[in-house]
Amino acid sequence: MKSHQTDFSKGNVYRNICEVAVPMIFAQLLNLLYNVVDRIYIGKIPEIGATALTGVGLCFPIITLVSAFTYLYGNGGSPLCAMERGRGDDREAEAYMGNSFTLLVTTGLFLTILGLLIYKPVLYLFGASDITFPYAEEYIRIYLLGTVFVMISVGMNPFINCQGFGSMGMLTILIGAVLNIILDPLFIFVFDLGVSGAAIATVFSQFCSALWVLRFLTGSRAVLHLKKSTLRLQWTRMKKILGLGVSGFFMAFTNSLVQVVCNATLHVYGGDLYVGVMTVLNSVRDICTMPVQGFTNGASPVISFNYGEGAYQKVRKAIKFTTIVCVAYTLFMWGILKLIPDFFIRIFNDSPELLTEGIPALHIYFFGFCFMALQFTGQSVFVALGKSGYATFFSLLRKAIIVVPLTIFLPGVAGLGTDGVFWAEPISNLLGGCACFITMLLAVLPELKSRKPRSVI
C-alpha cells in the first residue's frame, strides 16, 4: 500500500490538520470499538447480558489506567519528536521515539504482572459485588495478558502520525478493530466462550495492531525509524518525555479515579442497576468524545512541528480552527443526545429498567456537553507546545479537584441521590473547560503574537 505523507512545512495549515486529523478521528472511533464492541456483544448475551455488562464495566478503571501509561510515553514523546523534526534534527527525533518504546514495553510487562496479582481486591474496591465479580474477573484476567500489545499499538502510533502518515496511523487501529468486530461474535456466541471470548478477541486484535506498528516503524516507508541504537534510556530525554506526557497520564488516571468513585457511590445509592447505567453512559461519552479527541490529536503534531519551525502564525490559525471545529461538533452532538437518548442506550442493552433509569441520567450527564471541547482544545495546545506545567494542572483540575469531590458530596444534597453523581460531570465540564481554555488564550496567544512568523500561508 502506498503511504501518503503530509509535509507540515508546506501548504495550508487547515488542510494539513485535516489530512492528519480525519484519519485520526476515524482511527479513534475504531480504537473505541475495541471496548465498545465488547460491551455491545456482552450486553446481548442471553439472560446474563445486563449483569455481565455491569461486571465488565467494573474493569474500565483498570483498562483506563493501562491507557494512561500509553499517553504518558506516547503523547509525551511524540510532540518532542515532531518538534525535533521541525528543527531538522531527525537523529534526536528518533532517539525520543526509541526511548518511548523502551518505556512502553517495560511498563507494560510490569503492569501485567502487578495486575494479575492484585485484580481481585481491586475489583471489589471498585464496586464489584459477589454477583458481578465473576464476570469482571473472567474479562480482566485475559485482558491483562495483552497489556504489552496495547502499550505498543496505542503508545507508538503517535510516532507514525507525527511523521505525517495519518492514513498509516489509521490502519494501525483499523486492523485491530476489524479483527475484533469479526472475532467477538465468533468467540462469544459460536464458540460459547461468553465474556472470556470477548477478552480473547480483544487481546488477539491488539497483538495484530502492535505487529503493524513495529513493521511500519522499522520499515523503509517511515521517515524516522525505530532502531536498536535508540532504545537505551537516556535520563535527559526520559525527563522531557515524562514531563510532557504526565498531563495525558493524569487525564486518563483521573478518569479511572472518577470511574471508581462513581461506581462505588452509585452502588451505595442505587445498587448494581445504576453501576450498569454508568457503564452505558461512559460508553456513550466515549463514542461522542472520540471525534474531538481524534481531531485535537491530529492537530497536535501540526502545531508542534510549526512551533518548532518558528511558523507562529500557522500555530495561531491551527488553534482557532481546532476550537471552532470541536465546539461546533459538541454542540451538534448535544442536540442529537437530547433528541434520541434511547437510541444510544439501546446500542448496549434494551432492558426496560436500564432505559427507564438511563434516559434521565443521560440528559443530566451530557448537559452543557460543548464545554468539554474547550478542555480538549486547551489541553492539546499546551501539550503540543511543550507547556507541561499548564497541561498537568488542568488535567488534575477537572477530574481530581472538581469531579471527585462533587461525586461524593452532591448525592447527599437536597436528596439528589444518584442524580448528584451524574450532575458532577456537566459542572466539571463548565468550570474546568472554561478555566483551561481561557488560561490557554492568556498564556499562549500573547507569546505567539510577540514573535514574527517565518512564513505566512
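Rules and cut-offs
Residues numbered from 1 in each chain as written. Predicted model: local features only at pLDDT ≥ 70, side-chain atom pairs only at ≥ 80, totals over all residues. Heavy atoms only, no water. Salt bridge = Lys/Arg side-chain N within 4 Å of Asp/Glu carboxyl O. Helix = DSSP H or I, 4+ residues; strand = E, 2+ residues; numbered from the N terminus. Buried < 20%, exposed > 50% of the residue type's maximum accessible area, 1.4 Å probe, protein only. Axes fitted to C-alpha atoms, helices over the stretch in contact; angles between N-to-C directions. Parallel < 35°, antiparallel > 145°, perpendicular 65-115°, else oblique. Left-handed = near helix turned anticlockwise from the far one by under 90°. Nonpolar A, V, L, I, M, F, W, Y, C, P; charged D, E, K, R; others polar. Patch = residues over 30% accessible without salt bridge, like charges linked within 9 Å, V, L, I, M, F, W, Y side chains within 5 Å. Areas by Shrake-Rupley, 256 points an atom, 1.4 Å probe, with all protein chains shown as cover. Contact = heavy atoms within 4.5 Å. Core = buried A, V, L, I, M, F, W, Y, C linked by side-chain atoms within 4.5 Å. Expected span 1.5 Å × (residues − 1).

## Concerning the pattern of salt bridges
Now for step 1: What the rule picks out here adds up to 8 salt bridges.
Now for step 2: For glutamate 425, the salt bridge is made with arginine 398, and the minimal N-O distance between the two is 3.6 Å. Here glutamate 425 is found in helix H16 (residues 418-450), whereas its partner arginine 398 is found in helix H15 (residues 388-409), with 27 residues between them in sequence. Comparing glutamate 425 with arginine 398 shows no difference in burial state: the two are buried.

## Section: the environment of lysine 338
Now for step 1: When you line up the elements, lysine 338 lands in helix H11 (residues 312-339).
Now for step 2: For lysine 338, a relative accessible area of 48% gives the class partly exposed.
Now for step 3: Separated by 50 residues in the primary sequence, lysine 338 and cysteine 288 place their C-alpha atoms 13 Å from one another.

## Structural notes on the packing of H15 against H16
Now for step 1: Relative orientation of the contacting elements H15 and H16 amounts to 160°, with a least axis distance of 8 Å. Viewed along their axes, H15 and H16 adopt a mutual orientation that is roughly antiparallel. Like other packed secondary-structure pairs, H15 and H16 cross with a definite hand, here right-handed.
Now for step 2: Split into classes, the residues belonging to the contact of H15 with H16 amount to 13 nonpolar, 7 polar and 3 charged.

## Describing a nonpolar patch on the surface
Now for step 1: On the surface, a nonpolar cluster with roughly 500 Å² of combined accessible area is contributed by Leu186, Phe189, Val190, Phe191, Leu193 and Ile200.
Now for step 2: Here the element with the most residues in the nonpolar patch is helix H7 (residues 166-190); it accounts for 3 residues.

## Details of the side chain of glutamine 379
Now for step 1: Tracing the backbone through its elements, the reader meets glutamine 379 in helix H14 (residues 371-384).
Now for step 2: If sequence neighbours within four positions are ignored, glutamine 379 has contacts with Ser247, Met251, Ala391, Phe394, Ser395 and Cys436.

## Considering unusual backbone geometry
The phi angle of most residues is negative, glycine excepted, and most peptide bonds adopt the trans form.
Now for step 1: The residue aspartate 192 is not glycine, and still its phi comes out positive at about 55°.
Now for step 2: Mapped onto the elements, aspartate 192 comes out in the loop between H7 and helix H8 (194-217).

## Considerations on the nonpolar core
Now for step 1: Ranked by size, the top nonpolar core spans 138 residues in total, and within it Ile17, Leu123, Tyr139, Ile140, Met156, Val284 and Phe422 carry the most contacts.
Now for step 2: The element best represented in this core is helix H10 (residues 272-309), accounting for 15 residues.
Now for step 3: Apart from the residues within four sequence positions on either side, methionine 156 is in contact with Met97, Phe101, Leu104, Met151, Val213, Leu217 and Leu226.

## Topic: H15
Now for step 1: In this model H15 runs 31 Å from its N-terminal to its C-terminal C-alpha over 22 residues, within 8% of the 32 Å that 1.5 Å per residue would give.
Now for step 2: Those residues of H15 that sit buried are Ala391, Thr392, Phe394, Ser395, Leu397, Arg398, Lys399, Ile402, Val403, Val404, Leu406 and Thr407.
Now for step 3: Lining the buried residues of H15 we find helix H9 (235-269), H10, H14 and H16.

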